[in-house]
Each structure stands twice: as C-alpha cells, then as structure tokens.
Amino acid sequence: MESAELIETFYSRLWNLWDDDAVDVVLAPDFVFRGSLGLETRGRDGWRTYRDLVRTGSGDFANEIVTLVVAGDEAAARLRYTGTHTGDLVGLPATGRRFEYSGAAFFTVEQGRLASAWVLGDLHGLRAQLAR
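Just so it is clear, the model here is predicted, and its values are computed rather than measured. (Residues numbered from 1 in each chain as written. Predicted model: local features only at pLDDT ≥ 70, side-chain atom pairs only at ≥ 80, totals over all residues. Heavy atoms only, no water.)

Structural notes on the nonpolar core
Point 1. By size, the foremost hydrophobic cluster in this structure holds 34 residues, and its most contacted members are F10, W15, L27, F33, W47, F107 and L114.
Point 2. At the level of secondary structure, the elements contributing two or more residues to this core comprise helix 1 (3-15), helix 2 (23-26), strand 1 (27-34), helix 3 (43-57), strand 4 (74-84), strand 5 (98-110), strand 6 (113-121) and helix 4 (123-131).
Point 3. For this core, the leading source of residues is helix 1, giving six residues.
Point 4. Those residues in contact with F10 that lie beyond four places of it in its chain are W15, V26, L27, F31, F33, W47, F107 and L114. (Core = buried A, V, L, I, M, F, W, Y, C linked by side-chain atoms within 4.5 Å. Buried < 20%, exposed > 50% of the residue type's maximum accessible area, 1.4 Å probe, protein only. Helix = DSSP H or I, 4+ residues; strand = E, 2+ residues; numbered from the N terminus. Contact = heavy atoms within 4.5 Å.)

And the structure:
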C-alpha cells in the first residue's frame with residue numbers, strides 16, 4: 001500500500017471500524033505509537049491495548065482526516081476526533097456527553113507498513129467539554 005492509503009486505512013478500518021484483522025496488514029510488527037493521550041506503545045499488541053483503552057472511554061470514537069500531506073515515507077495529517085464519553089477517559093468518569101476535538105499525527109512508513117505514528121490532540125479542549 002502507498003503511504004496515503006495506509007494512513008486512510010489506519011483510521012477508517014483500525015480505528016473507526018475497530019477492525020482487528022487489518023492491524024497486521026497496516027502496522028509494522030514493531031510499530032511505535034505515541035497517542036494523543038500521551039501514552040507510548042510498541043508493537044501491534046501495544047497499539048491494540050491503547051486502542052482498547054480509548055474504546056473503553058468511547059465506544060463510538062471516530063477519526064476524520066481533515067488534511068493529509070505525504071512526502072515519500074513520511075506524512076502528516078490534521079484530524080477531527082468525535083465520540084460519546086461512555087467510560088473512563090482522560091481521567092474522567094463517563095458523562096454521556098458527545099465530544100469533538102482536533103489533533104495532528106505524524107507518520108513514517110517502512111516496507112509498505114506504518115512504522116511509527118506520533119499523535120497530538122487538544123486534550124485541554126476535550127477535558128473542558130467533558131468536565132462541564
């Protein structure tokens with residue numbers, strides 16, 4: 001897969017559809033991930049653990065790519081995250097509130113798979129929405 005397709009699949013299938021079968025296709029075995037919650041993982045199972053943490057806090061968590069810029073084996077994306085706060089998330093118990101916040105992600109690709117992702121999210125804005 002090309003870099004853009006890998007990133008689009010990362011969000012559309014691995015995140016938005018929680019498609020566990022696609023993990024081994026998209027992510028390198030030693031995938032390094034630093035998520036917007038500030039946690040860093042290594043490997044596919046490490047990423048799955050992070051994903052499941054987010055899923056516990058928001059079962060309908062979704063990602064939308066607003067802008068994607070690819071330069072060879074590197075890429076950057078501007079993102080919009082949405083969901084419903086149904087479980088513990090960013091240290092706050094479930095409120096049932098809908099949320100939306102922005103973020104950015106930076107990727108590297110090696111041998112046709114995502115090798116790393118570093119994600120920044122507006123956690124201040126997210127916490128403000130959930131704490132009201």
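Some thoughts on the sheet that holds strand 2 (residues 40-42)
Point 1. Spatially, the six strands line up as an open sheet ordered 2-1-6-5-4-3, and their pairing is mixed. Edge positions in the open sheet fall to strand 2 and strand 3 (62-71), since each of these has one partner strand only. Averaged over all neighbouring strand pairs, the angle between strand axes comes to 20°, with direction disregarded.
Point 2. Pairing geometry for strand 1 and strand 2, over three bridges, is antiparallel. Across the sheet, residue F33 finds its bridge partner in strand 2, namely T41.
Point 3. Against the sheet, helix 3 touches strand 1, strand 2, strand 4 and strand 6, its axis set at about 50° to strand 1.
Point 4. Sitting on the sheet, helix 4 touches strand 5 and strand 6, and the angle it makes with strand 5 is about 155°. (Pairing = 2+ DSSP bridges. Axes fitted to C-alpha atoms, helices over the stretch in contact; angles between N-to-C directions.)

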